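# Topology and contacts: notes
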Amino acid sequence: MAKLHSSERGDAQVITRSERENCWIARDKYFACLDRNNIMSISQQDASMCASEKSDVDSVCLKSWVDYFIQRRERNLQIDAMKRYRTQQAYDELDAQEAASRDSLRNKFIKR
């Protein structure tokens, strides 16, 4: 089923494949700009940073799509950060276990 959005005239218009592709290209350029500037949350964005890219996205994408893209990006960044934290936590636990094991072995050999 084709998605519809309102044109400036107020009538319904079908979003074509090329319009979707243009939206995705604009989104990717906007997100690349955010990544280059280390902007993790749109609420933290300096208004002057990525303004032209944001304008492009707003002009070629449905507002609901832009909202979804931004929410999805922020959620994925949070998930990635959590994975990095958990991975680091697991490495720290392994390091502590290895250190305890080395100390235990060292003490066994030193006592003899």
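Scroll up to find the structure.
These numbers come from a predicted model, not from an experiment.

## Side note on the state of the cysteines
Under the defined criterion, the tally for this structure stands at two disulfides. Disulfide partner of Cys23: Cys61, at an S-S distance of 2.0 Å. Because the sign of the S-S torsion sets the handedness, a value of about 115 degrees for the bond joining Cys23 and Cys61 places this disulfide among the right-handed ones. Of the two residues, Cys23 sits in helix H1 (residues 17-36) while Cys61 sits in the loop between helix H2 (51-60) and helix H3 (63-111), which places them 38 residues apart along the sequence. Given the relative accessible area of 1%, Cys23 is considered buried. Residue Cys33 pairs covalently with Cys50 via a disulfide, S to S 1.9 Å. A torsion of -95 degrees about the S-S bond marks the disulfide between Cys33 and Cys50 as left-handed. Remark: Cys50 occurs in the loop between H1 and H2 and Cys33 occurs in helix H1; sequence separation between them is 17 residues. Of the two residues, Cys33 and Cys50, both sit in the buried class. Counting its disulfide-bonded cysteines in sequence order, the protein chain shows a connectivity of 1-4, 2-3.

## Digging into the nonpolar core
Across soluble globular proteins, you tend to see nonpolar side chains buried next to one another. One finds Tyr30, Phe31, Leu34, Val57, Cys61, Trp65 and Phe69 to be the most contacted residues of the largest nonpolar core, which totals 17 residues. Residue assignment for this core shows that the elements contributing at least two residues are H1 and H3. Take this core: its biggest share by element is six residues, from H1. In this structure, Val57 is in contact with Ala26, Arg27, Tyr30 and Val66, ignoring residues within four places of it in sequence.

Definitions and cut-offs
All residue numbers refer to positions counted from 1 along the written sequence of the respective chain. Thresholds applied to this predicted model are a pLDDT of at least 70 for local features of residues and 80 or more for the giving and counting of side-chain atom pairs; totals over whole chains, interfaces and linings are not thresholded and use all residues. Remark: hydrogens and water are excluded; side-chain values derive from all non-hydrogen atoms of the structure. Throughout, a disulfide means two cysteine sulfur atoms within 2.5 Å of one another. Helix and strand assignments come from DSSP, with helices taken as H or I runs of at least 4 residues and strands as E runs of at least 2, each series counted from the N terminus. For each residue, the accessible area found with a 1.4 Å probe, counting protein chains only, is set against the maximum for its type, and the residue is called buried under 20%, exposed over 50%, and partly exposed in between. Nonpolar cores are built from buried Ala, Val, Leu, Ile, Met, Phe, Trp, Tyr and Cys residues. Side-chain atoms within 4.5 Å join them into one set. Contacts are assigned to residue pairs that have any heavy atoms within 4.5 Å of one another.

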